[in-house]
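Read off the chains here:
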Amino acid sequence: MKHRILGLLAMTAMILVVFLASAFGPDSPTRRVHQHLTARQPDAGCDCDGSELCTHLPLVIIDTGGQEIPGKITGETDAFGEDISTLAPDGRDVINVSFTIVDNQDRNNHPSDTPTLSTTSEIRVRGHSSRLFEKSPYQLDFVDEHGQAAPAPVMGMASHSEWVLYGPYLDKSLVRNYMWYNIAGEAMEWAPNVRYCELIINGDYRGLYLMVETITDGEDCRLDLSTTAKNLKATGYLLQGDRTVEEDLGGERDIYSYLERMLTLSTDILIKYPKRSDLTEELRKEIEVEFAAFEKALYSYDYDTDDYGYWNYIDVDNFVNYFLINEFSLNVDAGRYSTYIYKDMSGKYKLAVWDFNNACDNYWSDPLSPDRIDMVSHTWFLMLCKSEDFVQRILDRYDELRQTVLSETYLLDYIDDTLAYLGPAVERNNQRWNEAMTQWEPLSPASRNLHSHEEAVTQLKEWLYERGIWLDENLHTIQQYCHPSRNKTYNH
Ligand SMILES: [Zn+2]
């Protein structure tokens, strides 16, 4: 008996050690990797003769075999006023290209080096307003010879098949998406993995890009959205709130939601996962009913009761973190466009951050001065802020994050350290896009446009500095939304 107990204890200890090692060890999928702190540094030197591009960053080389990459806007619009995009000659919205990565561990990377990864990828130009940019963002899907998803680990990131190649262009500081994905990744359970790289398409140097993991399903996916169980209670799914995209909708709405009615008519909730091919009408209906129950609870007078409370439907910590990351950076599209909500094996809804290109006063049409609170103008969060408990959790979490990843020192050092890591790649990128950097003026009013990388870095730093000070003094004003004088309740 004694031996059995000892054996059990030893086994428990062993399991605990294995668990701790897997949760916090160097290969842990949950550990956030900040490329600029861990990867090969720019001053590491190289033994090459300097006759070709020599970079310490991973090098992505795409060969389209002479085909145009589809998805550029044509300048024409369809019956709904949406831009019409170019298609491949065979009518598809993607083409297959040769996709290679050179990512040496012991020396710099050169176009003639033996690739670290060679695969076939589907590719198209992606984005909405960013489709206008000369430095295009691209959607990638790695596929095998049968056209099936072919996940691969990339630049030290976990294996995945769907990626985005995002080229900082509107963001002349070059760091917004990198820093905010990583800061979100420290504060939240899931945020896209991201690595800087340099891109060559058909021999043409295209400058500095970010390889970004997308919010999708698939083998080895870091989000556990398994659909092995038939019962919906054990099945995850992923929804996307975004502008109506006819080709995604297939002519029909996935979900009729309050969000759509209360925000803008051009916002729809799409079911991104399960994929179209796996989405039966029965399953679609079940997801719609479940989502409606969440929104009904959120907008009801019973929002603070045990039976109908929002906490039965959402992961409250996740929503608090999402609120704070997007509020601090004034990422005003979050909660309207490019808004991803998923339900994993925890059974609660969670939000995933996406796209900080316009954050920190880089929005095209409106100046975003640091002295405002924006997230409460988003329907879900306006409703959540009726709860005293939710508001208190935001204020408490703000104080915590302000001591760590949202502290002034952390934010300003993060920008300096990232740019020091990028080193000569910044100059190469800016030379390539010099004309856009100096002449393109998309922001309104025109005085907001910055004409060099240095100006853009200064703007970002000053804005973040002022933003923190203003929020320290004013974030507590969101308590007005939960004050009893503002919210009639019928339950007390
Ligand atoms: Zn070299």
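Data block above holds the structure.
Residues numbered from 1 in each chain as written. Predicted model: local features only at pLDDT ≥ 70, side-chain atom pairs only at ≥ 80, totals over all residues. Heavy atoms only, no water.

Moving on to the overall build of the protein chain. Of regular secondary structure, the protein chain possesses 13 helices and 15 strands. Across the 492 residues in the protein chain, those meeting the buried criterion constitute 52%. The long-range share in the protein chain, meaning contacts at least 24 apart out of those at least 6 apart in sequence, stands at 72%. Carbon together with sulfur atoms contributes 51% to the accessible area of the protein chain, which is approximately 23100 Å² in total. (Helix = DSSP H or I, 4+ residues; strand = E, 2+ residues; numbered from the N terminus. Buried < 20%, exposed > 50% of the residue type's maximum accessible area, 1.4 Å probe, protein only. Contact = heavy atoms within 4.5 Å. Areas by Shrake-Rupley, 256 points an atom, 1.4 Å probe, with all protein chains shown as cover.)

The next thing to look at is the packing of helix H3 (residues 176-187) against helix H10 (residues 408-422). In the contact formed by H3 and H10, the axes pass within 11 Å of each other and the chain directions differ by 130°. On the basis of the axis angle, H3 is oblique to H10. As H3 packs across H10, the resulting crossing turns out to be right-handed. Contacts between H3 and H10 involve Tyr178, Met179, Trp180, Asn182, Ile183 and Glu186 from the former and Tyr410, Leu411, Tyr414, Ile415 and Thr418 from the latter. Residues that form the contact of H3 with H10 fall into these classes: 8 nonpolar, 2 polar and 1 charged. (Axes fitted to C-alpha atoms, helices over the stretch in contact; angles between N-to-C directions. Parallel < 35°, antiparallel > 145°, perpendicular 65-115°, else oblique. Left-handed = near helix turned anticlockwise from the far one by under 90°. Nonpolar A, V, L, I, M, F, W, Y, C, P; charged D, E, K, R; others polar.)

Taken together, the protein donors to the zinc ion comprise Cys46 (SG), Cys48 (SG), Cys54 (SG) and His110 (NE2), at separations of 2.0 to 2.3 Å. Considering all 4 donor atoms around the zinc ion, the spread of angles at the metal, 103 to 116°, places the coordination shape in the tetrahedral class. The motif formed by the donor residues of the zinc ion, counted along the single chain, is C-x1-C-x5-C-x55-H. The class for Cys46 is partly exposed, based on a relative accessible area of 31%. Given the relative accessible area of 22%, Cys54 is considered partly exposed. (Donors = N, O, S within 2.8 Å, 3.2 Å for Na, K, Ca; no water. Tetrahedral: all angles 85-135°; square planar, octahedral: opposite > 155°, others 65-115°.)

Evaluated as defined, the whole model comprises 25 aromatic pairs. When the ring of Phe99 is compared with that of Phe142, the centres are 5.1 Å apart and the planes differ by 50°; the resulting orientation is tilted. With Phe99 in strand S4 (residues 95-102) and Phe142 in strand S6 (residues 138-143), this residue pair connects regions lying 43 residues apart in the sequence. Residue Phe99 is classed as buried on the basis of its relative accessible area, which comes to 0%. The exposure class of Phe142 is buried, given its relative accessible area of 1%. A centroid spacing of 5.9 Å and a plane angle of 80° characterise the contact between Phe291 and Tyr349, whose relative ring orientation is edge-to-face. (Phe/Tyr/Trp six-rings, centres within 6.5 Å; stacked < 30°, edge-to-face > 60°.)

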